[in-house]
Amino acid sequence: MSMRSSDLARRRPWAVLAVVAVVVLAGAGLALRLAPSASTASLVGSSGAATEVAHEKFGDDAVYVLVRGDLARIVLTEDLNRLVGIEGCLSGNVPRGVRAPGACGELGRLKPVQVVYGPGTFINSAVEQITAQLQAQTKSRAAQADRAALAARKLALSQGRSRTQAKKLGDGAAKLVYAQFAQDLIALNTKYGLNLTGAPRLNDPDFVYQLVFDPARGARVPKARFAYLFPSAGSALISVRLKPGLSDAQRARAIELIRDVVRMPQWKLSGGASYVVTGVPVLADDLVGRLAGSTLRLLLVAVIVMAVVLVLVFRARLRLLPLAVALGACAVVFGGLSLLGLPLTLASIAVLPVLLGLVVDYAIQYQSRGSLPAIATAALSTAAGFLVLLLSPVPMVRGFGALLIVGVGVGLVLAVAVVTAVLSVRRRASQGTLSRSLRGASEILDGVRLPLPPVRSLTARVIRRPGRVVAAAFVLALGGWALDTQVHVVSDLPSLVPQDLASVRDLGALQHDTGVAGEVDVLVQAPDLTEPKVVAWMRDYQNRLLRRHGYSAAQGCGRAALCPALSLPDLFRSPGSSATRAQVRALLDAVPAYFSRAAITPDRRTAVLAFGIRLESLDKQHDVIQDMRASLHPPAGVTARLAGLPVLAADANHALADPLRRLATTLAGLLAVLLALLAVYRSWERAWVPLVPIAFATGWSALLLWVLGVSLNPLSAALGALVIAISTEFSVLLCARYRAERAAFDPAEALARTYHSTGAAVLASGVTAIAGFAVLVASDIAMLRDFGLVTVVDLSVSLLGVLAVLPAVLVLAERRAVRLPRRGRRRASVAA
């Protein structure tokens with residue numbers, strides 16, 4: 001395709017330039033419409049269908065409203081009514097006395113919330129449920145007592161007893177029924193941990209105290225099994241699960257409305273208590289706002305820096321043409337991204353400097369009278385190296401790789417078309433202003449002013465001792481490969497975003513107050529979850545895991561790795577409550593709607609067992625999650641899978657931190673480049689020679705990162721693929737130029753001429769690209785900043801390493817090629 005673009009640009013240069021200008025302007029216009037996105041799924045990946053099903057059935061990752069203040073004061077005073085009101089408002093049910101329109105009214109109209117559960121709803125529902133049960137049991141027992149008394153009187157009269165005796169026996173039978181009712185009341189008290197003698201009331205502090213607090217652990221310490229509602233004596237927690245499938249704009253508006261709700265004067269708490277809206281969705285939403293400004297700022301600074309470097313490097317006219325071509329390629333690629341309806345993510349932003357650097361290099365090489373087949377081969381090999389990014393467990397990295405592959409193709413075609421058209425216009429114009437302005441297009445090579453070391457003396461030394469150079473390079477690379485296992489990987493979202501975001505501090509407050517990092521869900525699916533054996537398995541699985549990981553009702557969460565959260569087994573704490581399917585169904589029918597929507601679907605086929613996982617390192621969280629998986633042995637016909645953001649984060653971190661996986665990715669990248677070169681050259685030797693310094697560069701980069709103490713993140717963990725792709729371009733271009741020079745000169749002269757021409761151009765474009773990447777180091781987003789630092793290291797090591805080691809590999813390969821025919825002739829003579 002690049003060949004056809006070149007031919008067309010020579011024949012009709014103005015038409016080609018006009019078409020390119022229209023396409024670039026259209027792409028730029030579309031790119032300006034890109035909406036930033038920082039979805040958690042793109043950052044930490046997906047654990048198959050489990051999390052998607054859990055979100056679809058029970059709502060997206062929770063937005064939390066942390067209520068900070070004295071818990072006893074909050075739930076034992078009028079503040080409890082305010083909690084009931086604010087939870088109703090958040091769920092879209094506009095409470096009485098609240099005027100619409102307003103935040104409550106808009107939430108009611110838009111209905112972005114799937115379920116809300118919090119302390120107010122819990123206590124209010126407990127009052128209603130207990131009252132309903134008491135009323136039903138009282139009515140039933142009264143009727144039963146009347147029937148028992150009547151039957152006893154009739155029996156006594158039939159036996160010839162007096163009316164007085166019959167009445168006495170009837171009263172006795174009624175008392176027995178009421179005695180049984182007293183036993184049932186004791187059982188009800190035991191179920192809720194209460195000491196009721198009558199119907200409870202929401203404004204009854206004694207009832208609320210008995211329901212919420214555990215005097216055995218402290219007068220103001222809440223019951224451990226309600227930790228998901230009352231994390232500590234100084235906080236309460238409202239969970240707001242948004243509907244799945246909301247667009248970024250809809251989710252952002254919903255979060256904004258939640259913030260508006262907590263600021264409403266109707267819900268202001270007494271005693272200095274306050275609300276904090278937090279959670280990972282809130283953090284991701286705040287990050288979107290920062291992304292928009294960061295992207296434009298970084299792009300402008302990168303363009304200015306690269307332009308300055310090009311001006312310093314080239315002493316010729318049209319020295320900024322390569323940068324203009326690169327910007328055009330970025331406009332087309334990102335315009336296509338917008339046309340497909342895809343968002344602007346952290347990965348998309350990270351593509352910008354990589355793509356700018358690659359396309360600048362293509363344009364410089366082509367303007368420097370480089371061989372188009374060689375440049376096309378380098379681009380193909382680079383794209384092949386990026387292919388391995390599609391194997392990443394993190395969607396963001398896969399998107400990064402796919403966008404780079406597309407960008408390489410677009411950039412190559414655009415560079416060839418534009419540069420060819422400009423040169424053709426210059427050749428056709430013999431006089432005038434246009435001729436003078438375009439004259440520098442063919443003088444780029446002569447304009448290179450980067451100082452290279454004394455090439456001939458260096459190449460002479462390499463030719464004398466190429467084996468030592470390769471051996472030293474191999475030892476350094478081997479050390480890097482070994483130390484790569486010690487490089488730390490950071491993939492938890494709060495550590496990768498600007499630390500000055502208020503939502504980062506709020507999320508830290510949530511984790512500090514609750515002691516947990518998030519919620520791990522066990523998604524349970526079966527044709528009928530009301531089967532007693534299924535309920536028994538869920539209850540036993542939950543209790544066994546909680547005990548194993550340090551939780552007990554007496555000690556509470558404390559230092560436990562897992563804590564109880566809102567789960568279906570909470571309804572069936574005793575085996576007697578789920579002995580039959582009828583009992584299970586009856587109890588589920590009596591469950592408040594807020595609970596059922598959060599724990600089980602109406603068709604009784606899907607439920608969640610929720611656990612709060614302790615705030616600790618992702619490695620330790622992964623160990624806990626693996627233990628949860630290993631303990632999953634559901635009954636026949638039942639499936640159980642882990643879901644939730646902590647599961648995604650821990651799994652992604654484990655995959656990224658696995659050195660064997662990174663090694664396998666590197667080997668896959670090298671294999672992809674090798675196959676691409678074999679397909680082009682049809683020669684084993686021509687394919688493996690440029691690959692040797694590329695392989696070494698992966699080790700050198702890892703070694704330098706370890707020395708600098710740089711941590712990796714989901715983007716920079718693609719270190720091997722990035723080094724391979726960058727090094728491939730340098731190595732392939734230098735090899736192609738050397739072979740062309742070698743046809744007319746000896747090895748020393750061929751190397752010297754290669755490095756004075758293509759080597760200088762490679763060094764110039766490499767320095768320009770490094771300057772562009774270095775801009776990312778100034779980003780306030782940790783993921784981009786670390787990625788920029790890693791890429792600067794990678795590019796510098798790749799550039800200098802390939803320039804230093806490739807001559808030795810070329811010489812050794814040539815000597816090997818000379819020895820092989822000699823050995824063949826010796827064997828033939830011996831055989832003769």
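Located above this text is the structure these notes cover.
For the structure given in this document, a descriptive report is provided here. Every value quoted in this text rests on a predicted model; they were computed, and no experiment measured them.

Another aspect to go through is the sheet that holds strand β7 (residues 606-614). What the four strands build is an open sheet, ordered β6-β7-β5-β8; its pairing is antiparallel. Of all strands in the sheet, those bounded by a partner on one side alone are β6 (562-564) and β8 (639-643). Between one strand axis and the next, the sheet turns through 30° on average, direction left out of account. In terms of strand pairing, strand β5 (residues 516-525) meets β7 through nine bridges, oriented antiparallel.

What follows deals with the pattern of salt bridges. Under the definition given, this model contains 16 salt bridges. In this structure, D60 engages R251 in a salt bridge whose closest nitrogen and oxygen atoms are separated by 3.9 Å. Placement of the pair is D60 in the loop between α4 (49-58) and β1 (62-68) and R251 in helix α11 (residues 248-262), with a sequence separation of 191 residues. Given the relative accessible area of 14%, D60 is considered buried. Salt-bridge contacts for D528 lead to R585; the nearest nitrogen and oxygen are separated by 3.5 Å. One end of the pair, D528, is in the loop between β5 and α23 (532-548); the other, R585, is in helix α24 (residues 581-590), with 57 residues separating them in the sequence.

Bringing the packing of aromatic side chains into the picture now. Counted by the stated rule, this structure contains eight aromatic pairs. Here F474 and F696 contribute two aromatic rings whose centre-to-centre distance is 6.1 Å and whose plane-to-plane angle is 55°, an arrangement assigned as tilted. Residue F474 is located in helix α20 (residues 466-483), and its partner F696 is located in helix α30 (residues 691-708); the two are separated by 222 residues in the primary sequence. Relative accessible area serves as the criterion here: at 7%, F696 is assigned to the buried category. With centroids separated by 5.4 Å and ring planes inclined at 25°, the aromatic side chains of W537 and Y541 adopt a geometry described as stacked.

With 22 residues, helix α14 (residues 346-367) extends 33 Å from end C-alpha to end C-alpha; this agrees with the ideal 32 Å at 1.5 Å per step. Bending of α14 peaks at approximately 25° at the position of L352, with proline P353 no more than four residues after it. In terms of burial, α14 is a largely internal element, 22 of the 22 residues being buried.

Two packed helices can be described by the angle between their axes and the distance between those axes. Packing of helix α15 (residues 372-387) against helix α28 (residues 659-681) brings their axes to within 8 Å, and their N-to-C directions diverge by 150°. One element, α15, and the other, α28, form an angle in the roughly antiparallel class. Handedness of the α15/α28 crossing: right-handed. Judged by residue contacts, T377, L380, S381, A384 and G385 of α15 engage G669, A672, V673, A676, L677, V680 and Y681 from α28. The class makeup of the residues in the contact of α15 with α28 is eight nonpolar, four polar and no charged.

Let's shift gears to the sheet that holds strand β3 (residues 235-242). Taken together, the four strands give an open sheet; going across it, the order is β2-β3-β1-β4, and neighbouring strands pair in antiparallel fashion. Edge positions in the sheet fall to β2 (113-117) and β4 (274-278), since each of these pairs with one other strand and no more. Here the strands of the sheet are splayed against their neighbours by 20° on average, with no regard to which way each runs. Strand direction decides the pairing type here: β1 and β4, joined by five bridges, are antiparallel. Across the sheet, the residue bridging to L66 is V276, located in β4. Along the sheet, helix α6 (residues 79-90) contacts β1, β2, β3 and β4; its crossing angle with β3, the most-contacted strand, is approximately 15°.

Criteria and thresholds
Residues numbered from 1 in each chain as written. Predicted model: local features only at pLDDT ≥ 70, side-chain atom pairs only at ≥ 80, totals over all residues. Heavy atoms only, no water. Pairing = 2+ DSSP bridges. Helix = DSSP H or I, 4+ residues; strand = E, 2+ residues; numbered from the N terminus. Axes fitted to C-alpha atoms, helices over the stretch in contact; angles between N-to-C directions. Salt bridge = Lys/Arg side-chain N within 4 Å of Asp/Glu carboxyl O. Buried < 20%, exposed > 50% of the residue type's maximum accessible area, 1.4 Å probe, protein only. Phe/Tyr/Trp six-rings, centres within 6.5 Å; stacked < 30°, edge-to-face > 60°. Expected span 1.5 Å × (residues − 1). Bend = angle between axes of the 7 residues up to and from the residue. Parallel < 35°, antiparallel > 145°, perpendicular 65-115°, else oblique. Left-handed = near helix turned anticlockwise from the far one by under 90°. Contact = heavy atoms within 4.5 Å. Nonpolar A, V, L, I, M, F, W, Y, C, P; charged D, E, K, R; others polar.

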